[in-house]
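# What the coordinates show
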Amino acid sequence: YLTDTLTDKAATFIAAQSGSTQPFFMWLAYVAPHHSNVNKIVEPAARHAGLFTGLPLPQPPSFNEADISDKPGFLQWSLMTPADIGDITNQYRSRVRSLQAVDEGVEQIVNALSSAGKLSNTIVIFTSDNGFYNGEHRIPGAKNGYYEPSIRVPLMMRGPGVPVNQTRPGLVSNIDLAATIVDLADATSGRPLDGKSIMPLTTSASTAWRTALFIDGHSREPGGGGAESALINAIRSNRYLYVEHEAGAREFYDLHLDPHELTNNFADPTYTIVRANLET
């Protein structure tokens, strides 16, 4: 099983560092919970295949959204049928099953660091490259886009200098990973870095930090078999999401008042000044 194989290779690599005083770097990218390109089914480890048979599918207010008339035309997906929801539920349970081996793998790697005498002097960063739609806004399974289920992913750190059981509200992105690692290694990058080290956030919750992130990519046509459609440029600030579509459509959401992005407030005059600032 690929997840177990990757974990074993990682643990073996760590064990080999036990007698060395040289710093080391390891990047481990599990495939789970991605599905197989052959059958589109997420394959769990055999020992986890019978788990979570009754796990309910999360259904936030945006799930199978009743009214999407405020969304751009190419995002006008049809209401999902019971059969659609059943398929999404099965896939969701399979992904959760597949993540059990990842969870075990993280534990094995941390134990390997401890056994090698490296845990107290090692920074561990855990994150993901994208989120996933499970029927939010009627999107029946995709990872691209700009709504919260797609762009909001975990980022957790442990190690020397990292405060325990604390969270930070600052907006960080995967573009910050390289800059953070360069900072931790007290190294100098050989090229300009897009992001910046997030280590200042570990020292204080009041550290001055960026107030917005840029998002770009493609949307996908409903029922289009995954074919890419229009380009997207978006700004996600601490409070707002502003989206410009290549074809001209615009979206604007106040995430404090509307965290599930149900109401497109682009035409609302209340936000005229805020939108103007985000547009520039």
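This structure is a prediction, so every number in the text was calculated from the model and none was measured. (Residues numbered from 1 in each chain as written. Predicted model: local features only at pLDDT ≥ 70, side-chain atom pairs only at ≥ 80, totals over all residues. Heavy atoms only, no water.)

### Things to note about the overall build of the chain
When helices and strands are tallied, the chain shows six helices and six strands. Dimensions of the chain, computed from the C-alpha atoms along their principal axes, are close to 65 × 45 × 30 Å. Across the chain, the fraction of contacts at a sequence separation of at least 24, relative to all contacts at a separation of at least 6, is 57%. Put simply, the chain shows about 15,900 Å² of open surface, and 55% of that area lies on carbon and sulfur atoms. (Helix = DSSP H or I, 4+ residues; strand = E, 2+ residues; numbered from the N terminus. Contact = heavy atoms within 4.5 Å. Areas by Shrake-Rupley, 256 points an atom, 1.4 Å probe, with all protein chains shown as cover.)

### As for the confidence of the model for the chain
Overall, the predicted model of the chain reaches an average pLDDT of 92, with 95% of residues at or above 70. The spread of mean pLDDT over the elements of the chain runs between strand β3 (residues 212-220), the lowest at 83, and helix α1 (residues 2-15), the highest at 98. Scored below 50 in pLDDT, residues 223-227 makes five contacts in the model with residues more than four places away or belonging to other chains. (pLDDT = per-residue confidence, 0-100.)

### Thoughts on the packing of aromatic side chains
Considering all chains together, one arrives at eight aromatic pairs under this definition. Ring centres of F252 and Y271 lie 5.0 Å apart, and the angle between their planes is 50°; this geometry places the pair in the tilted category. Taken together, the residues F252 in strand β6 (residues 250-254) and Y271 in the loop between β6 and α6 (272-279) connect sequence positions 19 residues apart. Neither F252 nor Y271 differs from the other in exposure class; each is buried. Three or more aromatic residues link up through ring pairs in this structure, and these residues are Y146, Y147 and Y253. The cationic tip of K196 hangs over the ring face of W209; the distance from NZ or CZ to the ring centre is 4.2 Å. In this structure, R275 packs its charged tip against the face of F266, placed 5.2 Å from the ring centre. (Phe/Tyr/Trp six-rings, centres within 6.5 Å; stacked < 30°, edge-to-face > 60°. Buried < 20%, exposed > 50% of the residue type's maximum accessible area, 1.4 Å probe, protein only. Lys NZ or Arg CZ within 6 Å of the ring centre and 35° of its normal.)

### Observations concerning the pattern of salt bridges
Throughout the structure, instances matching the rule amount to nine salt bridges. K71 is the salt-bridge partner of E65, the closest N and O atoms lying 3.2 Å from each other. Judged by its relative accessible area of 4%, E65 falls in the buried class. Among the residues examined, K71 registers a relative accessible area of 6% and is labelled buried. Linking R250 and E244 is a salt bridge whose minimum nitrogen-to-oxygen distance equals 4.0 Å. In this structure R250 comes out as partly exposed when scored by relative accessible area, which is 27%. (Salt bridge = Lys/Arg side-chain N within 4 Å of Asp/Glu carboxyl O.)

### Description of the side chain of T7
With respect to the helices and strands, T7 occurs in helix α1. Leave out the neighbours within four places in its chain, and T7 touches Y30, G105 and Q108.

### Quick word on the environment of N64
By the element assignment, N64 lies in the loop between α1 and α2 (82-115). Along the backbone, N64 and A249 are 185 residues apart, and their C-alpha atoms lie at a distance of 22 Å. Excluding anything up to four places from it in sequence, N64 contacts L79, M80, I85, G135, H137 and R138.

### Overview of unusual backbone geometry
In this structure, the amide linkage connecting A32 to the following residue, P33, adopts the cis form with an omega of 10°. Note that P33 resides in the loop between α1 and α2. Of note, the phi angle at H137 is positive, near 55°, even though the residue is not glycine. Note that H137 resides in the loop between β1 (124-127) and α3 (148-151). Overall, H137 belongs to the buried group, its relative accessible area being 3%.

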